[in-house]
Amino acid sequence: MIGDSTEARECRLKDPMDLFRSGQVVKICAPMVRYSKLAFRTLVRKYSCDLCYTPMIVAADFVRSAKARDSEFTTNKGDHPLIVQFAAKEAQVLCDAARIICPFADGIDLNCGCPQRWAMAEGYGACLINKPELVKDMVRHVRNQIDNPKFSVSIKIRIHEDLKRTVDLCQKAEAAGVSWITVHGRSTEERHQPVHYDAIKTIKQGMSIPIVANGDVKTLKDAENVHHLTEADGIMVARGLLANPAMFAGYEETPFKCIQDWVDIALEHGTPFTCFHHHLMYMMERITSKQEKKVFNVLSSTSAVLDYLNDHYGL
């Protein structure tokens, strides 16, 4: 789960709420299945990302199995502030997962936004936005059972067609002690439709805790615009950071220095080839020709990728 017990003791735990108290818009890397793992978090932190989330982890599996813990979660002492996102539907299971993770992370997030069929069928993710009392109960349980007052408990949600229901959910979560709420400005049914930034603004105006806006932010300019439209305290980005991990540092497209950094970090962390290659495919999407993509995307080994980058870009 973490390098070793010595390193565990040296974890530089932080209070994520300090970021929101700074008065600056908090720049956040979203929880992304397969992608927002330690190596990628290490990369985006080099380029002005303030706060990183792990990919979503099923709390029940995490509590039950040491093997799941080791494969799903790795961190190190530079990986802070860090939020571990869990899928859960029972308060005590979420508490048990939070207690295990507490020495290694700065907070947990309850996923109430994943619209995938499997998650909804299991009672996880976006179906929780229709169970405000359960969400409130889960937040309160973690608050009551984790001794560290700096350990944050947040939720990530989608919106209802009837926004009053979303505001009610958020107010119940706030009353239970939630630290902040991330709002993906689409309903559970919406995928590529425009994000309802007006809805995020309405939620923000009804709350006294920080609100983070999420959805369709591709550039730093987009982030500034969304902050302006929503008055949100933080901006969370997923695909925009995959395409350009240096986005928050103001780069319009992935600089070659960032690609070099990714190669160094990924090799140092022993990143599996598929993950290493996929990240590069995303990063180079905007800076390579169609022909180059055809060649690069079918490379099948780390050495082939390194040779290609050396021959074409002198990396």
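On a predicted model such as this, the values are computed, not experimentally measured, just so you know.

1. Side note on the domain arrangement of the protein
- Assigned domains of the protein: these are domain 1 (16-249) and domain 2 (256-313).
- Across the boundary between the two partners, domain 1 contributes 16 residues, which contact 13 residues of domain 2.
- Taken together, both faces of the contact between domain 1 and domain 2 bury some 1300 Å²; the carbon and sulfur share is 66%.
- Among the residues domain 1 hides against domain 2, the three largest losses belong to Y35, A39 and L43. Together they make up 36% of the total.
- Connecting domain 1 to domain 2 are zero salt bridges.
- Taken together, the connections running from domain 1 to domain 2 amount to four residue pairs in polar contact (both at pLDDT 80 or more).
- Elements supplying a minimum of two residues to the side of domain 1 that touches domain 2: α3 (38-46) and α12 (239-243).
- The dominant element in the side of domain 1 that touches domain 2, judged by the number of residues it contributes, is α3, at six residues.

2. Re unusual backbone geometry
- With an omega dihedral of -5 degrees, the bond running from H80 to P81 counts as a cis peptide bond.
- With respect to the helices and strands, P81 occurs in the loop between α5 (66-72) and β4 (82-87).
- One non-glycine residue with positive phi stands out, namely S48, at about 70 degrees.
- Even without being glycine, D216 reaches a positive phi, approximately 60 degrees.
- By relative accessible area, D216 is classed as partly exposed at 31%.

3. A short note on the environment of T42
- Secondary-structure assignment places T42 in helix α3.
- Here the alpha-carbon distance between T42 and C52, two residues 10 residues apart in the chain, equals 9.2 Å.
- If we skip the residues at most four places from it in the chain, T42 touches I265 and H269.

4. Observations regarding the UniProt feature "active site" (unreviewed entry) in the protein
- According to UniProt, the positions carrying the feature "active site" (unreviewed entry) are C114.
- Structurally, C114 can be placed in the loop between β5 (107-112) and α7 (117-121).
- Excluding anything up to four places from it in sequence, C114 contacts A119, M120, G125 and A126.

Rules of the game
- By convention here, each chain's residues receive numbers from 1 onward along its written sequence.
- It should be noted that, the model being predicted, local features are given only for residues of pLDDT at least 70 and side-chain atom pairs only at 80 or more, the latter also being counted only at that level, while totals for whole chains, interfaces and linings use all residues.
- The side-chain figures draw on all heavy atoms in the structure; neither hydrogens nor water molecules are used.
- Domain limits in this description derive from either an automatic procedure or a database domain assignment.
- By the convention used here, residues are in contact when the closest approach between their heavy atoms is within 4.5 Å.
- Two parts lose some accessible area (1.4 Å probe) when they are put together, and adding that loss for both gives the buried area.
- Each reported salt bridge corresponds to a side-chain nitrogen of Lys or Arg within 4 Å of a carboxyl oxygen of Asp or Glu.
- Within 3.5 Å is the distance limit for a polar contact, defined as a pair of N or O atoms, with the added protein rule that one can donate a hydrogen and the other accept it, and that residues adjacent in sequence qualify only through two side-chain atoms.
- Helix and strand definitions follow DSSP, with helices as H or I runs of at least four residues and strands as E runs of at least two, each counted in order from the N terminus.
- In this scheme, a residue with accessible area under 20% of its type's maximum is buried, one over 50% is exposed, and one in between is partly exposed, where area comes from a 1.4 Å probe on protein chains only.
- UniProt positions are given in the numbering used here, feature names are shortened, and annotations may be inferred rather than shown by experiment.

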